[in-house]
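# Structural description and commentary
In case you want the letters, here they are:
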Amino acid sequence: MVDVRILVTGGTGQLGSAVVTRLRATGEEVRVLSRRAAPDVVRGDLRTGRGVDSAVAGVDVVVHCATDYFGREAQLARTLVEAARWAGGPHLVYVSIVGVDRVPLGYYRAKHETERLVADSGLPCTIQRATQFHGLVRTLLAGASRLPVVPVPRISFQPVDVHDVARRLADLAQADPAGRAPDFGGPEILPAAELAEAVGEASGRARRIVPVKVPGETFRAYAAGGHLTPEHREGEITFREYLAGQVHGK
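Below is a short write-up of the structure. Just so it is clear, the model here is predicted, and its values are computed rather than measured.

### Regarding the sheet that holds strand E5 (residues 91–97)
Spatially, E3-E2-E1-E4-E5-E6-E9 is the arrangement adopted by the seven strands of the open sheet, whose pairing is parallel. Looking at the sheet topology across the chains shown, the edges are occupied by strand E3 (42–43) and strand E9 (179–180). When strand E1 (residues 5–9) meets strand E2 (residues 29–34), the two strands line up parallel, connected through five bridges. Its bridge partner lying in E2, arginine 5 is registered against glutamate 29. Set on the sheet, helix H4 (residues 106–119) makes contact with E5 and strand E6 (125–130); between it and E5 the angle comes to about 160°. Sheet contacts for helix H6 (residues 162–173): E1, strand E4 (61–64), E5 and E6; angle to E5, the most-contacted strand, approximately 155°.

Laid out in structure tokens, this is it:
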């Protein structure tokens, strides 16, 4: 079998590093692009384009895990797409979020715009939407758990483990381009109140949980389940299993 050289952007981040580990465990030749200086890393900046051309040169697949929370998501992708075209058109795998076309959140809109950019790029591509990571849900609920009474929105989440998503992305990188791949969700859909209770128990700070209705268009979309994919519960690690791993330093 011919070696498939794979570039992972954002390869030193939470998701990217898990993808790199997964791919290398299967014997793939992996190149890492990051703004951070680190061993075995090609330094480059998708915001400015510096170093991106050399990072993309000669690769067969690009797994695009780098992201931007300040409205420049599409800008990063344009830089990458341009470099990929010059490099001969590698398979581009882009990770997005379930509900980007249903939840009117600024970051979601940017991800949706980037999906369209990738799909229209002319490159062979795969777009994978995933539900919220365990770590994000934990962070959202951990701050409130320090209060005597914990108010939580009256919505549910379908948290997924970053290692489960990394497994899916590694599989897609080793497969033919799929266009829009089926959504990928966590194994459970749970009310925020139950998730907050689990965070409190894991931290040893059990508190009274009070579900509250939050006004606004975005929370109406969340309450309607726009960010969920109940028919796709392919993730294996539950939220409580994730929390147990955090407590035991895994």
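Moving on from the coordinates now.
### Description of the state of the cysteines
Throughout the structure, instances matching the rule amount to zero disulfides. This cysteine, cysteine 65, is not joined by any disulfide, and cysteine 125 carries the nearest cysteine sulfur, 15 Å off. In this structure cysteine 65 comes out as buried when scored by relative accessible area, which is 11%. By relative accessible area, cysteine 125 is classed as buried at 10%.

### Brief notes about the packing of aromatic side chains
We describe a pair of aromatic rings using the distance from one ring centre to the other and the angle between the two ring planes. What the rule picks out here adds up to four aromatic pairs. Residues tyrosine 69 and tyrosine 107 carry aromatic rings whose centres are separated by 5.0 Å and whose planes lie at 40° to one another, so their mutual orientation is tilted. In this pair, tyrosine 69 sits in the loop between E4 and helix H3 (73–86) while tyrosine 107 sits in helix H4, placing the two residues 38 residues apart along the sequence. The exposure class of tyrosine 69 is exposed, given its relative accessible area of 59%. Pairwise contacts between aromatic rings join Tyr108, Phe219 and Tyr222 into one cluster.

### Looking at the layout of surface pockets
Within this model, the largest pocket holds a volume of roughly 1200 Å³. The wall of the largest pocket is formed by 44 residues, among which Cys65, Thr67, Asp68, Tyr69 and Tyr107 lie closest to the centre. No other element matches E5, which puts four residues into the lining of the largest pocket. Considered class by class, the residues forming the lining of the largest pocket number 23 nonpolar, 13 polar and eight charged. If you add up the space inside the second largest pocket, you get close to 220 Å³. In terms of lining, the second largest pocket is formed by 14 residues, of which the most central are Asp161, Val162, His163, Tyr242 and Gln246.

### Re the pattern of salt bridges
Within this structure, the stated rule accounts for 11 salt bridges. Taking the shortest distance from any N to any O, the salt bridge between aspartate 60 and arginine 5 comes out at 3.9 Å. Remark: arginine 5 occurs in strand E1 and aspartate 60 occurs in the loop between helix H2 (52–56) and E4; sequence separation between them is 55 residues. The exposure class of arginine 5 is partly exposed, given its relative accessible area of 35%. In this structure, the salt-bridge partner of arginine 129 is aspartate 101, at a minimum N-O distance of 3.2 Å. Taken together, the residues arginine 129 in strand E6 and aspartate 101 in the loop between E5 and H4 connect sequence positions 28 residues apart. Residue arginine 129 is classed as buried on the basis of its relative accessible area, which comes to 3%.

### Things to note about H3
Along its 14 residues, H3 runs 21 Å from first to last C-alpha, staying within 8% of the 20 Å computed at 1.5 Å per residue. The inward-facing, buried residues of H3 abut E1, H2, E4, E5 and H4. Where H3 terminates, the next one or two residues include glycine 88, which has phi positive at roughly 105°.

Rules behind the numbers
- Residue indices follow the written sequence of each chain, beginning from 1 at its first position.
- In keeping with the predicted nature of the model, local features appear solely for residues at pLDDT of at least 70, side-chain atom pairs appear and are counted solely at 80 or more, and the whole-chain, interface and lining totals rest on all residues.
- Just so you know, side-chain values use all the structure's heavy atoms and leave hydrogens and water out.
- A pair of strands is labelled paired if DSSP reports no fewer than 2 bridges between them.
- The way it works is that DSSP assigns letters per residue, a run of H or I at least four long becomes a helix, a run of E at least two long becomes a strand, and they are numbered from the N terminus.
- Any two residues having at least one pair of non-hydrogen atoms within 4.5 Å are treated as being in contact.
- Between N-to-C directions, angles span 0 to 180 degrees; the directions come from axes that are lines fitted to C-alpha atoms, helices contributing only their stretch in contact.
- Note on terminology: pairs of cysteine sulfur atoms within 2.5 Å are recorded as disulfides.
- Three exposure classes are used, based on accessible area relative to the maximum for each residue type with a 1.4 Å probe and protein chains only: buried under 20%, partly exposed in between, and exposed over 50%.
- Pairing of aromatic rings covers Phe, Tyr and the six-membered ring of Trp, with a centre-to-centre limit of 6.5 Å; geometry is then stacked below 30 degrees between planes, edge-to-face above 60, and tilted otherwise.
- With a 1 Å grid laid over protein atoms only, a set of points is called a cavity when a 1.4 Å probe fits there but cannot get out and a pocket when it is open yet has protein on both sides within 12 Å along at least five of seven lines; lining residues have an atom within 4 Å of a point.
- Grid points are joined across faces, edges and corners, and a volume is the space filled by probe spheres set on the points.
- Under the grouping applied here, Gly and all other residues not named as nonpolar or charged are polar, the nonpolar ones being Ala, Val, Leu, Ile, Met, Phe, Trp, Tyr, Cys and Pro and the charged ones Asp, Glu, Lys and Arg.
- The working definition used for a salt bridge is a side-chain nitrogen of Lys or Arg within 4 Å of a carboxyl oxygen of Asp or Glu.
- Each helix should span, by expectation, one fewer than its residue count multiplied by 1.5 Å.

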